Amino acid sequence: MQKQLQTFLENPRVVNAIMGVIIFNAILLGLETSKTAMANAGGLIRMLDAICLAIFVAELLAKIVAYRARFFRDGWNIFDFVIIGVSLVP
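All of these numbers come straight from a predicted model, not from anything done at the bench.

What counts and what doesn't
- Residues numbered from 1 in each chain as written.
- Predicted model: local features only at pLDDT ≥ 70, side-chain atom pairs only at ≥ 80, totals over all residues.
- Heavy atoms only, no water.
- Helix = DSSP H or I, 4+ residues; strand = E, 2+ residues; numbered from the N terminus.
- Buried < 20%, exposed > 50% of the residue type's maximum accessible area, 1.4 Å probe, protein only.
- Contact = heavy atoms within 4.5 Å.
- Expected span 1.5 Å × (residues − 1).
- Polar contact = N/O pair within 3.5 Å; in protein donor to acceptor, adjacent residues only side chain to side chain.
- Salt bridge = Lys/Arg side-chain N within 4 Å of Asp/Glu carboxyl O.
- Patch = residues over 30% accessible without salt bridge, like charges linked within 9 Å, V, L, I, M, F, W, Y side chains within 5 Å.
- Areas by Shrake-Rupley, 256 points an atom, 1.4 Å probe, with all protein chains shown as cover.
- Core = buried A, V, L, I, M, F, W, Y, C linked by side-chain atoms within 4.5 Å.

Draft legend 1. The arrangement of the overall build of the protein in detail. Helices and strands together make up the secondary structure of the protein, namely four helices and zero strands. In sequence order, the secondary structure elements of the protein are arranged as α-α-α-α. Principal-axis analysis of the C-alpha atoms places the extent of the protein at approximately 45 × 25 × 20 Å. Per-residue burial over the protein gives 24% buried out of 90 residues. For the protein, the share of sequence-separated contacts (at least 6 apart) that also reach a separation of at least 24 residues comes to 57%.

Draft legend 2. Molecular detail of helix α4 (residues 75–88). In this model, α4 (14 residues) spans 20 Å end to end at C-alpha, consistent with the 20 Å of a helix rising 1.5 Å per residue. N-capping of α4 is provided by D74, with a side-chain oxygen placed 2.7 Å from the backbone N of W76.

Draft legend 3. Structural detail: the pattern of salt bridges. In the structure shown here, the tally under the stated rule is one salt bridge. Ionic pairing is found between E59 and K63, a salt bridge with its closest N-O pair at 3.5 Å. Remark: K63 and E59 occur in helix α3 (residues 35–67); sequence separation between them is four residues, near one turn of the helix. Judged by relative accessible area, which is 16%, E59 ranks as buried.

Draft legend 4. View of a nonpolar patch on the surface. Together, M19, I22, I23, I27 and L31 line one region of the surface with nonpolar side chains, adding up to about 440 Å² of accessible area. Within the fold, L31 resides in helix α2 (residues 12–31).

Draft legend 5. Structural context of the nonpolar core. Counting 14 residues, the largest nonpolar core has L5, L9, C52, F56, A66 and Y67 as the members making the most contacts within it. Taken together, the elements giving at least two residues each to this core come down to α1 (2–10), α2 and α3. Top element by residues in this core is α3. It accounts for eight residues.

Draft legend 6. Expanded view of unusual backbone geometry. Backbone geometry places R68, a non-glycine residue, at a positive phi of 50°. Relative to the elements of secondary structure, R68 occurs in the loop between α3 and α4. Here R68 falls in the exposed class, since its relative accessible area comes to 52%.

So this is what it looks like as structure tokens:
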């Protein structure tokens, strides 16, 4: 199962999908700085942001399961771990 999960996570479609979520989330974060956007669609923007965060958490957990201790040997994984951890703090 561990190898299958690694293969899935390294699939170019999955990598590109996560990149798409990152870009979409960046747009949402920009919209959150707009008083007009938040007044008109604040609830939707917050909901979409929460969905993006859930996707990031799921990916992070999948990588930890797939790579185990090797997960923490990659600087980008540590960066993601910290960013997602901070995002989960209220």
